[in-house]
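# Chains, contacts and geometry: an overview
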Amino acid sequence: SIRVGASYDELMANLARYKEHTDRWCTNLDVAFCFMVQNWHEFGEFLCFADELGARAWVVTVVHPAFSPYHLPADEFDAMLARLEAQDAELAPRLGRNRPQWDAELARLRVWRDRHLAPAGAPAPVPVRIGQRPYFPPGPPPP
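Before going into details, it helps to say that this report is about the structure given with it. These figures come from a predicted structure and were not determined experimentally.

This part is about the pairing of strand E1 (residues 30-35). Burial along E1 is one-sided: Val31, Phe33 and Phe35 are buried, and none of Asp30, Ala32 and Cys34, which face the opposite way, are. Strand direction decides the pairing type here: E1 and strand E2 (residues 56-61), joined by 6 bridges, are parallel. Pairing of valine 31 across the sheet is with alanine 57, part of E2. Read as a crossover between parallel neighbours, the route from E1 over helix H2 (residues 43-53) to E2 is right-handed.

For the rest of this paragraph, the subject is the packing of H2 against helix H4 (residues 99-117). Between H2 and H4, the least distance of the axes is 9 Å, while the angle of their chain directions is 160 degrees. Classified by the interaxial angle, the pair formed by H2 and H4 is roughly antiparallel. Read as a crossing pair, H2 and H4 show a hand that is right-handed. Here H2 contributes Phe43, Gly44 and Leu47 to the contact with H4, which in turn contributes Gln101, Trp102 and Glu105. Its residues placed into classes, the contact of H2 with H4 shows 3 nonpolar, 2 polar and 1 charged.

Cut-offs used in this document
- Residues numbered from 1 in each chain as written.
- Predicted model: local features only at pLDDT ≥ 70, side-chain atom pairs only at ≥ 80, totals over all residues.
- Heavy atoms only, no water.
- Buried < 20%, exposed > 50% of the residue type's maximum accessible area, 1.4 Å probe, protein only.
- Helix = DSSP H or I, 4+ residues; strand = E, 2+ residues; numbered from the N terminus.
- Pairing = 2+ DSSP bridges.
- Right-handed = clockwise from strand over helix to strand, strands pointing away.
- Axes fitted to C-alpha atoms, helices over the stretch in contact; angles between N-to-C directions.
- Parallel < 35°, antiparallel > 145°, perpendicular 65-115°, else oblique.
- Left-handed = near helix turned anticlockwise from the far one by under 90°.
- Contact = heavy atoms within 4.5 Å.
- Nonpolar A, V, L, I, M, F, W, Y, C, P; charged D, E, K, R; others polar.

So, in structure tokens, the structure goes:
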């Protein structure tokens, strides 16, 4: 529904070809996940798939209102985040090299909720550091 006209079989054949090439030439295979309203529920399994391939996963933050989880109403956003957080214990033993991407995306979503969806008068969130860099989710910083 997202990649209209794409062929799953062709995609998987191409991915196998890229994997063979990167293995032969000792280079890296990278894959990207566009985190959207339409597919956020597949995020954990995508990272597990990337781990199985030996690929590094990148997460693309989608900001278009029709696709971005950051434009969801607060109750829908909270429900999405709760479902992802509930998957954390099950995914922990399965994720390897892409565990940091899982942790970073959950941190991004939590910070967004705390900064933009918190009730008026709520205490300001603690700044988040992921790796060596400060992490700022999309949107304006808090006052």
